[in-house]
Amino acid sequence: MKNLLKKKNIQNCLLIIAVSFSIVKFFNLPYNFYSVLKWDYTSRMEQNYGFCNNEAWGFINYVNKNFLLKKNEVKIINDGGFVTLEHLFEFGQNKVIKPKNIILLNFESENNQSIESKFDFTKDYAIEYRFNNCFLMKLYD
Amino acid sequence: MIEIFSIFLQIFIFLVVFSFPFNSNLLNNYFKNYDYNFSVIDSHIINILFFLYVCLFISFLNLDIEVFFKIYLALSLIFLFSFNRKIIFSNKKILLFCFFLLIVISIFFFIAQNIRLEWDGANHWLEKARVIYNKEKISNLANVQVHPHYPHLGSYVWALFWKNSFLEFEYFGRLFFVYLYLISLFLVFKFLNLKKIFINILIILFLILITFEPYYFAGYQEYLIFSILIIAANYISKINFDKKPNLKIIIFIILILYLMLWFKDEGALYYFLFSITLVLVLNFSNFEKFCLIFLIIFLFFIQYFLQKNLIGIFDFPQKPSISLIIHDIKNLDIFFSKISKILIHFIIAFFKHPLWLLIFFSIIFNYFFNKNFKKLEKYFIICLFLNLCLFGAMFFTFRNFDAMLQVSLDRLLFQSSGFYLFMILISLLKKNFINK
């Protein structure tokens, strides 16, 4: 009887271990844990959203920190058709026709097509900072 | 390391906050005549529902979300150490709780790694959450640029846990959606109540396997409706449809369903459909049925008045005109083209969310092998039929019909599938596929 009980206990323990491992594997817990441990929030946001590709969170975060952009003065345009992330920052949706700053992401052009020829309203803006196809543009004084 | 600590802290906070204010003894005393024994998981879920109602109430008072949360957390801690000390867990429940914790931790870390918000999350719901996160007035929700008329409760809870998390990272707000989803699925354990705990756990794991959709945790509100429907269906399935039911429990179920109105516009459709059908099939007198239907409609108007007067906006996204409806029905080309597209997308969505296939399979199986459906099953089948007819009403979508079908229909089907989950479980129990 004792042996049987012991056998049942061992079976249960093995089942617990097997089910636990299945859960851990299914959700990829070891890697996710390692990832959170290894990379900080900013790095993971860049991995997920890209620096100057896709939603380009990295670029927006960079210009926000270095050019001290203010609320309601920024409009984000993503030429690649990705969703814009103004609400992850404190920019808010800009209802002003000519905001002080424009962040243009994933600008796509043919041959030597300029930004102004594609986005007419940017002729009143100067490029303040550029990284690949991502631009921070400032309204002329 | 701090982030890992704060994820574990968030789990602890959820466990503490949702232990207040009800415990199982209190609930069993209150719902005396209902043939159901409220356990710790029930009290935990009812506390979550209570918390959602408190959030809803507080949101209209424009109270500081940090002050509100601190008071609630303090009360929960006092309650936990004063009233809940006598709870003794069996080995079976401890094991189940350990599995629950393991799955919670696994999905929380999954979200922490897969942090991105998808389109609707970033474009529709985050803007509302940002208004609340910034402690702006509730009326400012009417000024958001995309769909200001959408209900705000989901975004409110998101912003509340975002603001009150240790590191104030956005994704901490969304962890609540995961928690609600998991706790609602663990109700299945209570429903099945099997002796062999591993069968229970394996069934729950299987349900997670077929319903876990990371895309919907990326800011969408689908899981809120899905979970609320599982919770409501659990309590509905415990009603004895042959006897006169306890009025308290019916009002309680109506209030559970009512929460959906505050998450998404389509929540109103589910609310009316499931609650009115329930009242009509139950053994109530005509007068009682009239009173309950009056209550259901009255609650809807409360939402209308609160949204209209305190937020300043109440609307629905689609406004079909009679002339367009007649035009589309008269024109056979458009009619058949739309119908065929809807059917194709229905089939795609059923395969995308295999829970639906299981639901249909369990109905067909029951029909051929059991023949006689119980009243409860009949209720679910009536709801299912009306539910699918409602989705068929996508025919009357006139703006971006194709796009709406591609991005909406599968989500609509997913969120409502939770309600019919218990049909599968009932079939399993009926034919003794799993021994009690």
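Residues numbered from 1 in each chain as written. Chains lettered and ligands numbered in written order. Predicted model: local features only at pLDDT ≥ 70, side-chain atom pairs only at ≥ 80, totals over all residues.

**Overview of the environment of L102 of chain B**
Then, in step 1: Relative to the helices and strands, L102 of chain B resides in helix α5 (residues 91-113).
Then, in step 2: Judged by the 16 C-beta atoms lying within 10 Å of it, L102 of chain B falls in the partly exposed class.
Then, in step 3: For L102 of chain B, the residues in contact, after removing those within four places along its chain, are S20 and I23 of chain A. (Helix = DSSP H or I, 4+ residues; strand = E, 2+ residues; numbered from the N terminus. Buried ≥ 20, exposed ≤ 12 C-beta atoms within 10 Å, placed from the backbone. Contact = placed C-beta atoms within 7 Å.)

**So, the pairing of strand β4 (residues 134-139) of chain A**
Residues and elements named next belong to chain A.
Then, in step 1: Taken together, the 4 bridges between strand β2 (residues 101-105) and β4 define a ladder with antiparallel strand orientation. Residue pairing in the sheet places N101 in a bridge with K138 of β4.
Then, in step 2: Here strand β3 (residues 125-131) runs beside β4; their pairing, made up of 6 bridges, is antiparallel. In the strand pairing of β4, Y125 is matched with L139.
Then, in step 3: The turn joining β3 and β4, which pair antiparallel and follow one another in sequence, is formed by 2 residues; a positive phi near 50 degrees is taken by N132. (Pairing = 2+ DSSP bridges.)

**Things to note about the nonpolar core**
Then, in step 1: In terms of nonpolar packing, the biggest core is built from 143 residues, with V178, A232 and L257 of chain B touching the most fellow members.
Then, in step 2: Beyond its immediate stretch of four places on either side in the chain, L257 of chain B contacts A232, Y270, Y271, F274 and S275 of chain B. (Core = buried A, V, L, I, M, F, W, Y, C linked by C-beta atoms within 7 Å.)

**So, the domain arrangement of chain B**
A common way to report how large an interface is uses the accessible area buried once the components associate.
All names here are of chain B.
Then, in step 1: Domain assignment breaks chain B into domain 1 (2-317) and domain 2 (323-436).
Then, in step 2: Relative placement of domain 1 and domain 2: their C-alpha centres are 24 Å apart.
Then, in step 3: With 28 residues of domain 1 at the contact, the number on the domain 2 side is 22 residues.
Then, in step 4: Breaking the side of domain 1 that touches domain 2 down by element, the ones donating at least two residues are α9 (187-192), α10 (197-211), α11 (222-236) and α13 (266-281). (Domains from an automatic or database assignment.)

**Some remarks on the sheet that holds β4 of chain A**
Residues and elements named next belong to chain A.
Then, in step 1: Taken in spatial order, the 4 strands of this open sheet run β1-β2-β4-β3, and their pairing is mixed. Both edges of this open sheet fall to β1 (74-78) and β3, since each of them pairs with a single strand only. Taken pair by pair, the neighbouring strands of this sheet meet at an average axis angle of 20 degrees, ignoring direction.
Then, in step 2: Where β1 lies against β2, 5 bridges are found, and the strand directions are parallel. Opposite N78, over in β2, you have L105 as the bridge partner.
Then, in step 3: Packed onto the sheet, helix α4 (residues 57-66) meets β1, β2, β3 and β4 and runs at close to 155 degrees relative to β2. (Axes fitted to C-alpha atoms, helices over the stretch in contact; angles between N-to-C directions.)

**Focus on the confidence of the model for chain A**
Fine structural detail should not be taken from predicted coordinates in areas where pLDDT scores are low.
Then, in step 1: For chain A, the average pLDDT comes to 87, and 93% of its residues sit at 70 or higher.
Then, in step 2: Element-level pLDDT for chain A is lowest in helix α1 (residues 2-26) of chain A, with a mean of 83, against a maximum mean of 95 in helix α2 (residues 29-38) of chain A. (pLDDT = per-residue confidence, 0-100.)

**Regarding unusual backbone geometry**
Then, in step 1: Put simply, F20 of chain B and P21 of chain B share a cis peptide bond, and its omega is 5 degrees.
Then, in step 2: Take P21 of chain B: it is sitting in the loop between α1 (2-17) and α2 (24-30).
Then, in step 3: For N54 of chain A, which is not glycine, the phi torsion reads 50 degrees and is therefore positive.
Then, in step 4: Residue placement: N54 of chain A occurs in the loop between α3 (41-49) and α4.
Then, in step 5: Residue classification places N54 of chain A among the partly exposed residues on the basis of 17 C-beta atoms within 10 Å.
Then, in step 6: Even without a glycine there, the phi angle at H147 of chain B is positive, about 45 degrees.
Then, in step 7: Summarising the element assignment, H147 of chain B is placed in the loop between α6 (119-133) and α7 (153-163).

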